[in-house]
Amino acid sequence: MEKTIIYHNNRCTKSRCALELIEKKTKDFSVIEYLKTSPSEKELKEILKKLGMKAEEIIRKREPLFREKFERKKFSENEWIKILAKNPILIERPIVVKGNKAVIGRPTENILKLF
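Read on for an overview of the structure. Counting of residues starts from 1 at the beginning of each chain's written sequence and follows it residue by residue. Confidence filtering applies because this is a predicted model: local features only for residues at pLDDT of at least 70, side-chain atom pairs given and counted only at 80 or more, and all residues used for totals across whole chains, interfaces and linings. To obtain the side-chain values, all non-hydrogen atoms of the structure were included, while hydrogens and water were left out.

Considerations on the pairing of strand E1 (residues 4-8)
Applicable threshold: The classification of residues rests on relative accessible area computed with a 1.4 Å probe and restricted to protein chains. Under 20% of the type maximum is buried, over 50% is exposed, and intermediate values are partly exposed. Secondary structure counts use DSSP, requiring at least four H or I residues in a row for a helix and at least two E residues in a row for a strand, with both numbered from the N terminus. Handedness of a crossover is defined as follows: orient the strands so they point away from the viewer, and if the path from the first strand over the helix to the second runs clockwise, the crossover is right-handed. At least two DSSP bridges between two strands are required for those strands to pair.
The element E1 is largely enclosed, with a buried count of four among its five residues. Note that the unit made of E1, helix H1 (residues 13-25) and strand E2 (residues 29-33) has a crossover that is right-handed. In this structure, E1 lies alongside strand E3 (residues 95-98), joined through four bridges in antiparallel fashion. Counted as the bridge partner of Tyr7 is Ile95 from E3.

Put into structure tokens, the structure is as follows:
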């Protein structure tokens, strides 16, 4: 059985709902509070591959930090990955990974695709 991992922010309602759903579906999961333990660039590349997305697609564009520092600027994929590793607040949440697949838990029902 593949372990489920949730990149979680406890202050986010959607993230808490996602965690509740995972708890109902499996006992074999781990929680990574990504604001405290930011994913490395390597981990971000793996997550993006599993999501089938580019770094720019998982950015929280309404986040004040994005608007202040990054809005309307062009960055390469690797530059965005470095930015996200240094500024995890910009990463869309929650991200749930199981095996070689991952989803963004917005809407929460997306997570069901993993089970």
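Details of the nonpolar core
Under the convention used in this document: To qualify as a nonpolar core, a set must consist of buried Ala, Val, Leu, Ile, Met, Phe, Trp, Tyr and Cys residues joined through side-chain atoms within 4.5 Å. Here, residues are in contact when the closest pair of their heavy atoms is within 4.5 Å.
Within the largest apolar cluster, 22 residues are counted, with the highest numbers of intra-cluster contacts made by Leu51, Ile58, Trp80, Leu84, Ile91 and Ile95. Contributions of two or more residues to this core are made by helix H2 (41-51), helix H4 (77-86), E3 and strand E4 (101-104). Among the elements that make up this core, the one with the highest residue count is H4 (five residues). Beyond its immediate sequence surroundings of up to four residues, Trp80 is in contact with Ala55, Glu56, Ile59, Phe66, Phe70, Lys73 and Phe75. Of all hydrophobic cores here, the second largest spans nine residues; its members include Ile6, Ala18, Leu21 and Val103.

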